[in-house]
Amino acid sequence: MLKSYLLVAWRNVLRHKVFSLINITGLSIGMTAVMLIYFYVQSERSFDQFSPGSDRIYRVPLSYYNNGVPERGDATSHPAVAPALKANYPEIEISARINPSTTWLPTTVVSYEDHHKSIQFNETKLYFADPTFIPLFGFKMLEGDPRTSLEEPRSLVLTKKTAVKYFGDEPALGKSVRVNSEDYKVTGVVADLPPYTHLDFELLSSYPRKDFGVNDWGWTQFLTYVKVAPRTDIAALKAKFPALLDKHVRKTEAEHGYKTELDLQPISEIHLKSHLQLEMKANGDERTVYFIGLLGIMILAIAWINYINLSTARAMERAKEVGMRKVSGATRNQLVTQFLLDAVLINFLAVVLTVVLTSFFLPAFEALAGSPISTILAGTGVWMTFSFWMAPLVALIAGVLFVGIYPALLLSSFKPLSVLKGKFVKSATGAWMRKGLVGFQYVLSVILIAGTIAISRQISFMQSQDLGYTQEQILVVKGPSVVDSTSGTRFQFFRNEQMKLPEIMKMGRSLSVPGRMMLFANGIRLFGSPVSETVTAYNMSIDDQFFSTFEIPFVAGTGFSESDRFSFPNHPDISTLILPRDRTFHPERNKIIINERLSKMLGFKDPEEAIHQKVRFGLWDEFTGEIAGVVKNYHQQSLHKNYEPILYFYADFEQWPSISIRLKTTDFPGTIEKIRNNYATAFPGNPFEYYFVDEYFNEQYNVEQKFAHVFTVVTALAIFVSCLGLLGLGIYNVAQRIREIGIRKVLGAPVSSILLLFCKDSLQLLAVSCAMALPVVWFGVQSWLENFAFHIGFEWTIFVIPPLLLLVISTMTIITISMRAANANPVESLRTE
């Protein structure tokens, strides 16, 4: 019996090749999109599960409250948190800290020399870590002992890739390298970090001493991790944290008008669910990932709708088959089984094609999404899990039942006597259902096209927006890390040599540049004001040429001069890492500059009111500063964020991370080579590295651009699959009305009126669908744009172009199908009448 059913189903596929091809192609495209997106979603959900006992590893972030109002959340916490948690709570098996070298060292150069070579690299991913950090995460150790490799001061653990960069194929263990001006010993090599982790280091250094930061509850630049004992009640453990903070920080926080809270964040949730500041690297976004998943389901839904529409539209053709089968004794259950097997066969062929298409397009999709999907799935072992493959299998079975059950029930319900007497009439209910399903396709298509336009316009808006400073032809050179007592004189030589070049307009130094996240934020309040009026601002050190280099205008006051430089007392825990300064520190005579945003936050209605006003601001301690100037707001980071409140000071650094140079040239390679030569002369032993500000700034929009690419491809596929459905229905409708067309032509109807006849229903349906879709578009676009502090308005193109585009596509599809019938000789279609 089953063999007979399958044979009939196969003959039905071959008999109606065009409709079968349309169904198989549409379904396979939908399934391929869903499979690729399913792989992507699963890979994004697989982060940070490679460590043994990863379900018991948590990060300890810190949330800030200003006068009871949530202000921000940092991924970092105090250096004393990790040892305090381990000492006070038996539920915690192990704790560890890690923090970037940039917390202490503005720039870092690692160099290695032997008899054959001399290598230097600027290392931006060097982190200081506790000895327990490697055992906590269970990193695979290729050389050295994971338990002791970071025990001794000035020990260095490298990733395999970094070890090869310095030592080639030679063993790295025991070799000596220089970090800036200090000697470090390589005590271990770990396997390269997989791409499916939020961690992002290439070198790990031990702290300067074993008790480093144990009692430090001041600064908050340390990523803290803990591993809890099995079956630990996390909620109960977190409930104990406020008492710890009450003991160590509440008094100081009350004096400064803010409050903090510790939390426990599962590491498996960091990549998709964490939106904190000071992350090791950019995270994904759970909403975006699942929204992309929804897009894939939309395409598959459109393909399913095509199948249902074509199956029910061809009910007249199969009505006599149903009648004959019922007269021959077939039961309704047998007929339902037959028609379901038709659906199973179509879907099976679509699955076979899907496997081929998925394998072929996976590399392209990885490039589009910017994620090594196959590597992640293979590395995490997800490929081999039963649940991973069960999900699409269940979805396939559900899809077959979904698309097959309605046509099967409809076709099996025909009365044999009426059909065989030729009294079968097509159901008006079925026609309305088909229109409703096609209308739903139109609604989805309008939403997708409108979304594509909105995303494209927003990205274009962000990249063309006036950022408040000169971005073009700004070259940023990484500052020297190997410094000594002559570094100040060397920089002056470098500046003088640079300014002799006609291609160099301005040159300034800074702790950060536009496009980079600022690391340090502290409280600031007007002198004499209560601590309850403290606001939080970012602190950025610059020299006297920074604003003129970036052409950031002043709205009040003046900039710094060379005499405004001052030194901060060294923080007690990092005094061994920063060169001592001989210049005098004046705690009551520090000139500072603020931006407009901070000026308003401090209560000044006009920037001029702020000039010469004194403020209290914090770095290691609290200092007094006099406002010398107010600069116009500019975008330090992407337009996702509002203008940041920034306090600028002119610190007496020898190691500046960034040297910004404004150029005026068309010969960039030649100019950069001149700068390189001057840099090598002024700062021997320091590698020359650079980037352009505009390119670096626009890298912040990589996530949006990749999302736009995926969205555009999904939209194109959805429209294509919809057109396949329109093509199939159009072919069928023309075939059903071929004699009507002949009669109309005999009676003198022009071709245009016949074409209008076929277009009219589709155009009416499109109009109704657009009216239903546009409110959804308005709400969806508005919700998405709220993620950006600066965004486009509701442009007419978002609402007008999608209906017009679908109008053109639908009309052209229908006209193409109908034209041949409209131009055919009516005698051919009426000959049998």
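Residues numbered from 1 in each chain as written. Predicted model: local features only at pLDDT ≥ 70, side-chain atom pairs only at ≥ 80, totals over all residues. Heavy atoms only, no water.

Student: Any chance you could explain the packing of helix H2 (residues 17-44) against helix H13 (residues 373-380) here in plain terms?
Tutor: Packed helices, taken two at a time, are described by their axes: the angle between them and the distance between them. Following both chains from N to C, one finds H2 and H13 inclined at 55 degrees, their axes separated by 9 Å at the closest point. Classified by the interaxial angle, the pair formed by H2 and H13 is oblique. The handedness of the crossing between H2 and H13 comes out as left-handed. Side by side, H2 and H13 meet where Phe39, Tyr40, Gln42 and Ser43 of the first sit next to Ile373, Ile376 and Leu377 of the second. Along the lines of polarity and charge, the residues of the contact of H2 with H13 split into five nonpolar, two polar and no charged. (Axes fitted to C-alpha atoms, helices over the stretch in contact; angles between N-to-C directions. Helix = DSSP H or I, 4+ residues; strand = E, 2+ residues; numbered from the N terminus. Parallel < 35°, antiparallel > 145°, perpendicular 65-115°, else oblique. Left-handed = near helix turned anticlockwise from the far one by under 90°. Contact = heavy atoms within 4.5 Å. Nonpolar A, V, L, I, M, F, W, Y, C, P; charged D, E, K, R; others polar.)

Student: Looking at this model, I keep getting lost on the confidence of the model for the protein. Mind explaining?
Tutor: Detailed conclusions should not be drawn from predicted coordinates in areas where pLDDT is low. Chain-level pLDDT for the protein is 81 on average; 82% of the residues reach the 70-or-more range. Within the protein, no element has a lower average pLDDT than helix H15 (residues 416-420), which sits at 52, and none a higher one than strand S1 (residues 57-59), at 97. Counting contacts from residues 419-425, a segment whose pLDDT is below 50, to residues more than four positions away or on other chains yields twelve contacts. Segment residues 570-585: pLDDT under 50, and 33 contacts once partners within four positions in sequence are set aside and those in other chains are kept. (pLDDT = per-residue confidence, 0-100.)

Student: Got a minute to help me understand the sheet that holds strand S25 (residues 658-663) in this structure?
Tutor: What holds strands together in a sheet is hydrogen bonding between their backbones, with the strands either parallel or antiparallel. On the basis of which strands lie adjacent, the open sheet formed by four strands has the order S17-S25-S16-S26 and antiparallel pairing. With partners counted over all chains shown, the strands left at the sheet margins are strand S17 (504-510) and strand S26 (690-692), one partner each. Recorded for the sheet is a direction-independent mean angle of 25 degrees between the axes of neighbouring strands. Pairing between strand S16 (residues 474-478) and S25: five bridges, direction antiparallel. Bridged to Lys478 within S25 is Ser658. Where helix H21 (residues 668-682) meets the sheet, it contacts S16, S17, S25 and S26, and its direction lies at approximately 30 degrees from that of S16. (Pairing = 2+ DSSP bridges.)

Student: For this particular structure, what's the right way to read the environment of Ser274?
Tutor: Position of Ser274 among the secondary structure elements: in the loop between helix H9 (270-273) and helix H10 (286-313). Overall, Ser274 belongs to the buried group, its relative accessible area being 3%. In this structure Ser274 touches Arg59, Gln265, Glu269, Glu279 and Asn283, once residues within four positions along its chain are discounted. Side chain to side chain, Ser274 and Arg59 meet in a polar contact 3.2 Å long. (Buried < 20%, exposed > 50% of the residue type's maximum accessible area, 1.4 Å probe, protein only. Polar contact = N/O pair within 3.5 Å; in protein donor to acceptor, adjacent residues only side chain to side chain.)

Student: What is the right way to read a nonpolar patch on the surface from this model?
Tutor: On the surface, Leu763, Trp796, Val800, Ile801, Leu804, Leu805 and Leu807 cluster together to form a nonpolar patch covering roughly 580 Å² of accessible area. Of the residues forming the nonpolar patch, the biggest block, six residues, is contributed by helix H26 (residues 796-823). Within the secondary structure, Val800 sits in helix H26. Overall, the relative accessible area of 33% leaves Val800 in the partly exposed class. (Patch = residues over 30% accessible without salt bridge, like charges linked within 9 Å, V, L, I, M, F, W, Y side chains within 5 Å. Areas by Shrake-Rupley, 256 points an atom, 1.4 Å probe, with all protein chains shown as cover. Salt bridge = Lys/Arg side-chain N within 4 Å of Asp/Glu carboxyl O.)

Student: Would you mind going over the pairing of strand S22 (residues 614-618) with me for this structure?
Tutor: Each regular strand shows side chains that alternate between the opposite faces of the sheet. Among the five residues in S22, four count as buried, and that is most of the element. As defined by bridge partners, strand S18 (residues 521-526) adjoins S22 across three bridges and the pair is classed as antiparallel. Bridged to Ile524 within S22 is Phe617.

Student: I tried to follow the sheet that holds strand S3 (residues 69-74) on my own but got confused; where do I start?
Tutor: The strand order S3-S2-S14 describes an open sheet built from three strands, whose pairing is antiparallel. A strand with exactly one partner marks an edge of an open sheet, and here the two such strands are S3 and strand S14 (258-262). Between one strand axis and the next, the sheet turns through 25 degrees on average, direction left out of account. Strand direction decides the pairing type here: strand S2 (residues 62-66) and S14, joined by five bridges, are antiparallel. Residue pairing for S14: Tyr65 is matched across the bridge by Lys259.

Student: Even after reading the chapter, I still don't get unusual backbone geometry, so can you show me in this structure?
Tutor: Positive phi outside glycine occurs at Asn180, with the angle close to 55 degrees. Positioned with a positive phi, Glu551 is a non-glycine residue whose angle comes to about 55 degrees. Along the chain, Glu551 falls in the loop between helix H18 (546-550) and strand S20 (554-557). We classify Glu551 as partly exposed; its relative accessible area is 42%.

Student: I keep staring at the pairing of strand S6 (residues 118-122) and nothing clicks. Help me out?
Tutor: Where strand S5 (residues 109-113) meets S6, five bridges bridge the pair, whose relative direction is antiparallel. Bridge assignment links Ser111 to a residue of S6, and that residue is Gln120. Turn length for the S5-S6 hairpin, with the two strands adjacent in sequence and antiparallel, is four residues.

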